[in-house]
Amino acid sequence: AKEVTEDEFFHKAESGGTYISSGYQKALDIIQERYNPSLWNIYAFHCSDGDNWGEDNEKTIICAKQLCDVCNLFGYGEIKTSTYTSTIMNKYMEHIKTKNFSIVKISQKEDVWTAFVEMLKVEQGVTEGEELYEFYT
């Protein structure tokens, strides 16, 4: 994983295998280096097609939980044109039960912005111990 500029983020495509945990670890490193959670409101979001190498799933869950520990909100949006739900999304729903974690399923890339709005709604009304998994299709 690497940090990119805003222009690269919106205009550069990457291909190849995915180790989600490397991106999460990079986010954790940046937060630790620059954004003390006691001084900053931190929101982390990950949009993906859900692909991840199977051997990385356990580490990804660990890093996702760490992001939940330091973020006000951590959101995962999965872009799928089919009804298939990825292995990693299933693992998130099984293993991450914090009130500041939000999942949305996005059926087309044009709906990403609306999905972010849905993810942000978590802060507006989830009570202690309540789980929220929204599937926006």
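Please read all numbers here as calculations on a predicted model, not as lab measurements.

Here is what the cut-offs are and how they apply
Residues numbered from 1 in each chain as written. Predicted model: local features only at pLDDT ≥ 70, side-chain atom pairs only at ≥ 80, totals over all residues. Heavy atoms only, no water. Disulfide = S-S within 2.5 Å. Buried < 20%, exposed > 50% of the residue type's maximum accessible area, 1.4 Å probe, protein only. Helix = DSSP H or I, 4+ residues; strand = E, 2+ residues; numbered from the N terminus. Expected span 1.5 Å × (residues − 1). Contact = heavy atoms within 4.5 Å. Axes fitted to C-alpha atoms, helices over the stretch in contact; angles between N-to-C directions. Parallel < 35°, antiparallel > 145°, perpendicular 65-115°, else oblique. Left-handed = near helix turned anticlockwise from the far one by under 90°. Pairing = 2+ DSSP bridges. Phe/Tyr/Trp six-rings, centres within 6.5 Å; stacked < 30°, edge-to-face > 60°. pLDDT = per-residue confidence, 0-100. Salt bridge = Lys/Arg side-chain N within 4 Å of Asp/Glu carboxyl O.

It is worth spelling out the state of the cysteines at this point. Summed over the entire model, instances satisfying the criterion amount to 0 disulfides. No disulfide involves C68; its sulfur sits 7.3 Å from that of C71, the nearest cysteine. Exposure remark for C68: the relative accessible area of 5% places this residue in the buried category. Among the residues examined, C71 registers a relative accessible area of 7% and is labelled buried.

With that out of the way, let us pick up helix α2 (residues 20–34). Taking 1.5 Å of rise per residue, 15 residues should cover 21 Å, and α2 covers 21 Å from first to last C-alpha, within 8% of that figure. Against the buried residues of α2 lie β1 (43–48), α3 (57–70), β2 (73–79) and α4 (87–95).

Another point: the packing of α3 against α4. Relative placement of two packed helices is described by the angle separating their axes and the distance separating the axes. For the pair α3 and α4, interaxial distance at closest approach is 11 Å and the crossing angle is 50 degrees. It follows that α3 is oblique to α4 by the angle criterion. Relative to α4, α3 is oriented so that their crossing is right-handed. Contact residues: α3 offers N57, T60, I61, A64 and K65, while α4 offers T87, I88, K91, Y92 and H95.

Another point: the sheet that holds β1. Strand order in the open sheet formed by 3 strands is β1-β2-β3, and the pairing between neighbours is parallel. The sheet terminates laterally at β1 and β3 (101–106), the two strands that pair on one side only. For this sheet, the mean angle separating the axes of adjacent strands, direction not counted, is 15 degrees. With 6 bridges joining them, β2 and β3 adopt parallel strand pairing.

In this structure the tally under the stated criterion is 7 aromatic pairs. Aromatic rings pair up to connect Y24, F74, Y76, Y92 and F101 into one cluster.

Across the protein, the average pLDDT comes to 86, with 88% of residues at or above 70. The lowest-confidence element of the protein is helix α1 (residues 6–11), averaging 84 in pLDDT; the highest-confidence one is α3, averaging 98. Segment residues 126–137 is flagged for pLDDT under 50; beyond a separation of four residues in sequence, or across chains, it makes 33 contacts in the model.

Before going further, it helps to examine the pattern of salt bridges. Scanning the entire structure with this criterion turns up 2 salt bridges. We note a salt bridge from E3 to R34, for which the minimum N-O separation is 2.6 Å. One end of the pair, E3, is in the segment before α1; the other, R34, is in helix α2, with 31 residues separating them in the sequence. With relative accessibility at 40%, the residue R34 sits in the partly exposed group. With a shortest N-O distance of 3.1 Å, K121 and E118 are connected by a salt bridge.

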